[in-house]
Amino acid sequence: MTIIQISNIANYVGQEVTLRGWLYNRTDKGKLQFLLVRDGTGIVQCVAFQKELDAETFALVMALTQESSLEVTGTVRADDRAPGYPGKYELSIKSLKLYQLADEYPIQPKEHGVEFLMDHRHLWVRSLRQWAILRVRATIIRTIRNWLDEHGYLLVDTPILTPAAGENTTTLFSIDYFGVPAYLAQTGQLYNEANMASFGKVYCFGPTFRAEKSKTRRHLMEFWMVEPEMAFFSLEDLMAMEEEFVSAIVQTVLAQHRMELEILERDISRLENVKPPFPRISYDEAVERLNALAATVDDPERKAELSITWGDDFGSPHETAIAEMFDKPVFVYHYPTAAKAFYMQPVEGRPEVCRSVDLLAPEGYGEITGGSERIYDAELLKKRIDEIGISPENYAWYLDLRRYGSVPHAGFGLGVERTVAWICGLPHIRETIPYARMLNRLYP
Ligand code: 4AD
Ligand code: MG
């Protein structure tokens, strides 16, 4: 018995093979039954012809329900018309073994509402579209690791249980740590900075937690973030590295996932273009461009949405509008210091803006990376900690890093789910992670 994977079926034309998997769908033509069987690596059409099977086997074929688990043995044939993924091959069934006859499956090949599907996420992950998305996600994660490993970055893990805020105090998930307050990590960055001083170029990559009390299509409570941190990097070095890194992710998905992107009906012309260099504009210029655009708009609501006062952080409409002005992801740098995290290095001679940079993805996907140069002067950092009113005792170790061989350094975080949403062309972030944690959802 040769057990094969559907993804390799092209290698077995004319041979008798066995597949193990689940019944995805069927077409009933009486004496001819077309079973679409999936095994996790693909979907193949298996043909049961009454004349060629004993009565018991054909009766079993007829009794199979959607998502029944089975093992099917037969001969592989090439046929350009055969549906499936990768398609163009089918299996003529000789024998069949049933593992379990599935109960009536709640997800039908027809349309369902999103809430229903999210309630059945444990089953929905089997559907073709979700299968495609999560395979692309895995490649994005693999490419992130490979690229960083190959470019001299060392993976150094950072803790999830933390004693203090890493970004801001408004989105903390609190827990009770044996009677002491603790928080789920909002970022690994502060620890990355310690690790950077040991290894030069490091990254951490793990789940990140933000109690974002808003429902948007870009926010999750639990998301995955990769955070590289580099000694002696300037903001310009950071942008040069980010554009290489993000381009490598996009180009790898394009090279390896044409089939999945087709399933998702993704227009790939916008992705093919994602190669260095990316445009760079300052926050000042972005504000000017937004207000100039707002001035050309008649609809008062839209005008209000686009207008921005210098100093304010961008909302989604701003990010989308700026991104639409370019055909590639765009860097926006030198944001107002007051709108950003406490650790960002002020611009020399102009401390109201800081050495920060966000990368905005095209097509309305918004900010996919956020990063900066870090303050490396101990006194200045202490002043910033006092200004924003977080307790300095919790940051004593972080201040130590500025006392023992402090160096200019920079880093950024890239959100995996926003990157998946962009590359796959998905309207909402909830489908980019196997089990989304949202304001109104902690199930399944
Ligand atoms: O801009 P953020 O908050 O940056 C940091 O956390 C820095 N400490 C990173 C660093 O410099 N080491 O988050 C970085 C990225 C965002 O650009 C976005 O892609 C993603 O993380 N992100 C979220 N993704 C999904 N849901 C959320 N609630 C997110 N918050 C941030
Ligand atoms: Mg940010």
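In every chain, residue numbers begin from 1 and rise along the written sequence. By the order in which they are written, chains take letters starting at A while ligands take numbers starting at 1. Residue-level local features of this predicted model are given only where pLDDT is at least 70; pairs of side-chain atoms are given and counted only at 80 or more, and the full residue set underlies all totals for whole chains, interfaces and linings. Only hydrogens and water are set aside; all other atoms, that is, all heavy atoms of the structure, feed into the side-chain values.

Colleague: Talk me through the overall build of the chain; I want residue IDs and the actual numbers.
Modeller: Numbering of helices and strands runs from the N terminus, with a helix taken as a DSSP run of H or I at least four residues long and a strand as a DSSP run of E at least two residues long. When helices and strands are tallied, the chain shows 14 helices and 19 strands. Dimensions of the chain, computed from the C-alpha atoms along their principal axes, are close to 85 × 60 × 40 Å. Each residue is assigned to one of three classes by its accessible area relative to the maximum for its type, calculated with a 1.4 Å probe on protein chains only: buried under 20%, partly exposed between the two thresholds, exposed over 50%. Counting all 444 residues of the chain, 52% fall into the buried class. Intrachain contacts of the chain at a sequence separation of at least 6 include 67% that bridge at least 24 residues. Any two residues whose heavy atoms approach within 4.5 Å are treated as being in contact.

Colleague: Lay out the nonpolar core in plain terms, naming residues and giving numbers.
Modeller: Nonpolar cores are built from buried Ala, Val, Leu, Ile, Met, Phe, Trp, Tyr and Cys residues. Side-chain atoms within 4.5 Å join them into one set. Core analysis: the biggest nonpolar cluster contains 53 residues, and I144, L148, M241, F245, W422 and I423 have the highest contact counts within it. Residue assignment for this core shows that the elements contributing at least two residues are α4 (128-150), β11 (201-209), β12 (222-231), α6 (235-256), α7 (258-263), β17 (356-361), β19 (409-415) and α14 (416-424). A per-element tally of this core places α6 first, with eleven residues. A domain split of this core shows at least three residues from each of domain 1 (6-100) and domain 2 (122-279 + 326-431). Membership of the second largest hydrophobic core comes to 21 residues, among which are V17, V44, L64 and V72. For the domain bounds, the source is a domain assignment made automatically or taken from a database.

Colleague: Pulling in residues and values, what's your account of a nonpolar patch on the surface?
Modeller: On the surface, a nonpolar cluster with roughly 530 Å² of combined accessible area is contributed by I160, L161, Y177, F178 and V180. For F178, the position within the fold is in the loop between β9 (174-177) and β10 (180-184). The patches described consist of residues with a relative accessible area above 30% and no salt bridge, like charges being joined within 9 Å and nonpolar side chains (Val, Leu, Ile, Met, Phe, Trp, Tyr) within 5 Å. All accessibility values rest on the Shrake-Rupley procedure with a 1.4 Å probe; residue burial counts only the protein chains present in the view. By salt bridge we mean one thing: a side-chain nitrogen of Lys or Arg within 4 Å of a carboxyl oxygen of Asp or Glu.

Colleague: Describe in detail the side chain of T171, supporting the description with residues and values.
Modeller: By secondary structure assignment, the location of T171 is in the loop between β8 (161-162) and β9. Side-chain polar atoms of T171 contact the side chain of N168, separated by 3.3 Å. The contacts of T171, once residues within four sequence positions are left out, are Q186, F209, R210, A211 and E212. Within 3.5 Å is the distance limit for a polar contact, defined as a pair of N or O atoms, with the added protein rule that one can donate a hydrogen and the other accept it, and that residues adjacent in sequence qualify only through two side-chain atoms.

Colleague: So what's going on with the pairing of β9? Residues and values would help.
Modeller: The side chains of a regular strand alternate, residue by residue, between the two faces of the sheet. By this definition, two strands are paired if DSSP reports at least two bridges between them. Pairing of β9 with β10, which is carried by four bridges, proceeds in the antiparallel orientation. The residue of β10 that forms the bridge with Y177 is V180. Here β9 folds back onto β10, and the loop between the two strands holds two residues, one of which, F178, carries a positive phi near 50°.

Colleague: Help me get a handle on the pattern of salt bridges, residues and values and all.
Modeller: It is possible for side chains of opposite charge to pair when their charged atoms get near one another. With the rule as written, the count across this model stands at 28 salt bridges. Note that E260 and R135 form a salt bridge whose closest N and O atoms lie 2.8 Å from each other. Placement of the pair is E260 in helix α7 and R135 in helix α4, with a sequence separation of 125 residues. R384 is the salt-bridge partner of E387, the closest N and O atoms lying 2.9 Å from each other. Placement of the pair is E387 and R384 together in helix α12 (residues 378-388), with a separation of three residues, close to one helical turn.

Colleague: Residues and numbers for the environment of D176, please.
Modeller: Looking at where D176 falls in the secondary structure, it is placed in strand β9. Note on D176: relative accessible area 61%, which makes it exposed. Within polar-contact distance, the side chain of D176 engages the backbone nitrogen of G179 at 2.9 Å.

Colleague: Hey, could you go over the site of ligand 1 for me, with residue numbers and the actual values?
Modeller: Neighbouring ligand 1 are 24 residues, the closest being E167, Q189, R210, E227 and E367. With respect to ligand 1, the side chain of E167 contributes an N or O atom lying 2.6 Å from a nitrogen atom. Contact distances for ligand 1 include 2.9 Å between an oxygen atom and a backbone N or O atom of I368. Bound to the protein, ligand 1 loses 94% of the 640 Å² it would expose on its own. Those elements that provide at least two residues to the shell around ligand 1 are β12, β18 (366-373) and β19. For the shell around ligand 1, the leading source of residues is β18, giving five residues. The residue classification treats Ala, Val, Leu, Ile, Met, Phe, Trp, Tyr, Cys and Pro as nonpolar and Asp, Glu, Lys and Arg as charged. All others, Gly included, are polar. For the shell around ligand 1, the class distribution of residues is seven nonpolar, nine polar and eight charged. When we say a residue is near a molecule or strand, we mean one of its heavy atoms is within 4 Å of it.

Colleague: So what's going on with the packing of α6 against α14? Residues and values would help.
Modeller: Convention adopted: a line fitted to C-alpha atoms gives each axis, helices being fitted over their contacting stretch, and angles between N-to-C directions are expressed from 0 to 180 degrees. Contact pair α6 / α14: the axes reach a minimum separation of 11 Å and the direction vectors enclose 50°. Compared by their axis directions, α6 and α14 come out oblique. Between α6 and α14 lies a crossing whose hand is right-handed. Only T419, W422 and I423 of α14 make contact with α6, whose side of the interface consists of V246, I249, V250 and V253. To sort the angles, those under 35 degrees are grouped as roughly parallel, those over 145 as roughly antiparallel, those from 65 to 115 as roughly perpendicular, and the leftovers as oblique. By convention the crossing between two helices is left-handed if the near helix lies anticlockwise of the far one by an angle smaller than a right angle, and right-handed if it lies clockwise.

Colleague: Outline the sheet that holds β9, supporting the account with residue identities and numerical values.
Modeller: The strands making up a sheet associate through hydrogen bonds between their backbones, and the pairing can be parallel or antiparallel. Pairing is antiparallel across the open sheet formed by three strands, whose spatial order is β8-β10-β9. Unpaired on one side and paired on the other, β8 and β9 mark the two borders of the sheet. As paired elements, β8 and β10 share two bridges and run antiparallel to each other. Across the sheet, residue L161 finds its bridge partner in β10, namely L184.

Colleague: Can you explain helix α9 (residues 283-295)? Please cite residues and give values.
Modeller: What a helix should span is 1.5 Å times the count of its residues minus one. In a regular helix each residue adds 1.5 Å, so 13 residues correspond to 18 Å; α9 covers 18 Å between its end C-alpha atoms and thus fits that length. Every buried residue belonging to α9 is among Y283, A286, V287, L290 and A294, and all of these are buried. Buried residues of α9, seen end-on, are gathered within an arc of 100° and therefore sit on one face of the element. Exposed and oriented more than 90 degrees from the buried face of α9 are E288 and A295. Regarding the arc, it is the one traced by the directions from the helix axis to the C-beta atoms.

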